[in-house]
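Spelled out, the chains give:
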Amino acid sequence: MVIPPHLREAAGASADVDVLGLQNCLDVWNSDRLRSKVLSDGLNDTHLADLAALGI
(Lines give C-alpha, C1' and ligand atoms only; values in the text may rest on other atoms or scores of the structure.)
Protein backbone atom coordinates (compact mmCIF):
# COMPACT_ATOMS: atom_id res chain seq x y z
CA MET A 1 0.00 0.00 0.00
CA VAL A 2 1.43 3.39 -0.94
CA ILE A 3 0.38 6.35 1.16
CA PRO A 4 1.25 9.81 -0.20
CA PRO A 5 3.87 11.71 1.83
CA HIS A 6 1.52 14.51 2.89
CA LEU A 7 -0.93 11.98 4.38
CA ARG A 8 1.88 10.06 6.14
CA GLU A 9 3.14 13.29 7.67
CA ALA A 10 -0.34 14.37 8.81
CA ALA A 11 -0.89 10.99 10.45
CA GLY A 12 2.55 10.84 12.03
CA ALA A 13 3.14 7.61 10.11
CA SER A 14 6.85 8.04 9.50
CA ALA A 15 7.83 4.83 11.31
CA ASP A 16 5.90 1.68 12.27
CA VAL A 17 2.18 1.57 11.55
CA ASP A 18 -0.66 -0.78 12.41
CA VAL A 19 -3.29 -1.61 9.80
CA LEU A 20 -6.77 -2.41 11.08
CA GLY A 21 -9.24 -4.11 8.76
CA LEU A 22 -12.68 -2.60 9.11
CA GLN A 23 -15.83 -3.68 7.30
CA ASN A 24 -15.27 -1.59 4.19
CA CYS A 25 -11.85 0.06 4.57
CA LEU A 26 -8.41 -0.15 6.12
CA ASP A 27 -7.48 2.10 9.03
CA VAL A 28 -3.76 2.93 9.20
CA TRP A 29 -2.46 4.10 12.59
CA ASN A 30 0.88 5.27 13.91
CA SER A 31 1.78 2.32 16.20
CA ASP A 32 2.59 4.48 19.22
CA ARG A 33 -0.61 6.53 18.87
CA LEU A 34 -2.76 3.41 18.58
CA ARG A 35 -1.13 1.82 21.63
CA SER A 36 -1.70 5.01 23.65
CA LYS A 37 -5.33 5.23 22.56
CA VAL A 38 -6.06 1.61 23.46
CA LEU A 39 -4.36 1.98 26.84
CA SER A 40 -6.20 5.23 27.66
CA ASP A 41 -9.63 4.20 26.36
CA GLY A 42 -9.56 0.60 27.54
CA LEU A 43 -12.04 -2.04 26.43
CA ASN A 44 -15.76 -1.71 26.96
CA ASP A 45 -18.45 -4.41 27.04
CA THR A 46 -19.05 -4.09 23.28
CA HIS A 47 -15.37 -4.67 22.54
CA LEU A 48 -15.31 -7.69 24.83
CA ALA A 49 -18.45 -9.16 23.23
CA ASP A 50 -17.01 -8.68 19.74
CA LEU A 51 -13.78 -10.42 20.76
CA ALA A 52 -15.72 -13.27 22.36
CA ALA A 53 -17.76 -13.73 19.19
CA LEU A 54 -14.48 -14.14 17.31
CA GLY A 55 -13.26 -16.69 19.84
CA ILE A 56 -10.59 -14.38 21.20
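Bear in mind that the values here come from a model prediction, so they are computed numbers and not experimental data.

Criteria and cut-off values
Residues numbered from 1 in each chain as written. Predicted model: local features only at pLDDT ≥ 70, side-chain atom pairs only at ≥ 80, totals over all residues. Heavy atoms only, no water. Helix = DSSP H or I, 4+ residues; strand = E, 2+ residues; numbered from the N terminus. Rg over C-alpha atoms; globule rule 2.2 N^0.38 Å. Contact = heavy atoms within 4.5 Å. Areas by Shrake-Rupley, 256 points an atom, 1.4 Å probe, with all protein chains shown as cover. Lys, Arg positive; Asp, Glu negative; His and termini not counted. Charge placed at Lys NZ, Arg CZ, Asp CG, Glu CD. Polar contact = N/O pair within 3.5 Å; in protein donor to acceptor, adjacent residues only side chain to side chain. Pairing = 2+ DSSP bridges. Salt bridge = Lys/Arg side-chain N within 4 Å of Asp/Glu carboxyl O. Buried < 20%, exposed > 50% of the residue type's maximum accessible area, 1.4 Å probe, protein only.

**A few points about the overall build of the chain**
Tallying secondary structure elements over the chain gives three helices and two strands in all. Tracing the chain from N to C terminus, the helices and strands come up as α-β-β-α-α. Computed over C-alpha atoms, the radius of gyration of the chain comes to 14 Å, more than 25% over the 10 Å expected from 2.2 N^0.38 for 56 residues, which places it beyond the range of a compact globule. Excluding contacts between residues fewer than 6 apart, the proportion of contacts in the chain whose partners are at least 24 apart in sequence is 10%. When the accessible area of the chain is evaluated, it comes to approximately 4800 Å², of which 57% is carbon and sulfur surface. Between the averaged position of the 4 positive side-chain charges in the chain and that of its 8 negative side-chain charges there is a distance of 7 Å.

**Section: helix 2 (residues 31–41)**
The opening residue of helix 2, the one whose side-chain oxygen lies 2.9 Å from the backbone nitrogen of D32, is N30. Where helix 2 terminates, the next one or two residues include G42, which has phi positive at roughly 70°.

**Side note on the pairing of strand 2 (residues 26–30)**
In this structure, strand 1 (residues 17–21) lies alongside strand 2, joined through five bridges in antiparallel fashion. Bridging across to strand 2, D18 finds its partner in W29. Counting the residues in the hairpin turn of strand 1 and strand 2 gives four residues.

**Thoughts on the pattern of salt bridges**
One pass over the full model with this rule turns up two salt bridges. We note a salt bridge from D32 to R35, for which the minimum N-O separation is 3.4 Å. Here the residue D32 and the residue R35 both occupy positions in helix 2, the gap between them amounting to three residues, near one helical turn. Residue D32 is classed as exposed on the basis of its relative accessible area, which comes to 54%.

**Focus on helix 3 (residues 45–53)**
N-cap assignment for helix 3: the residue whose side-chain oxygen lies 2.9 Å from the backbone N of T46 is N44. Trailing helix 3 by a residue or two, G55 shows a phi angle of about 80°, which is positive.

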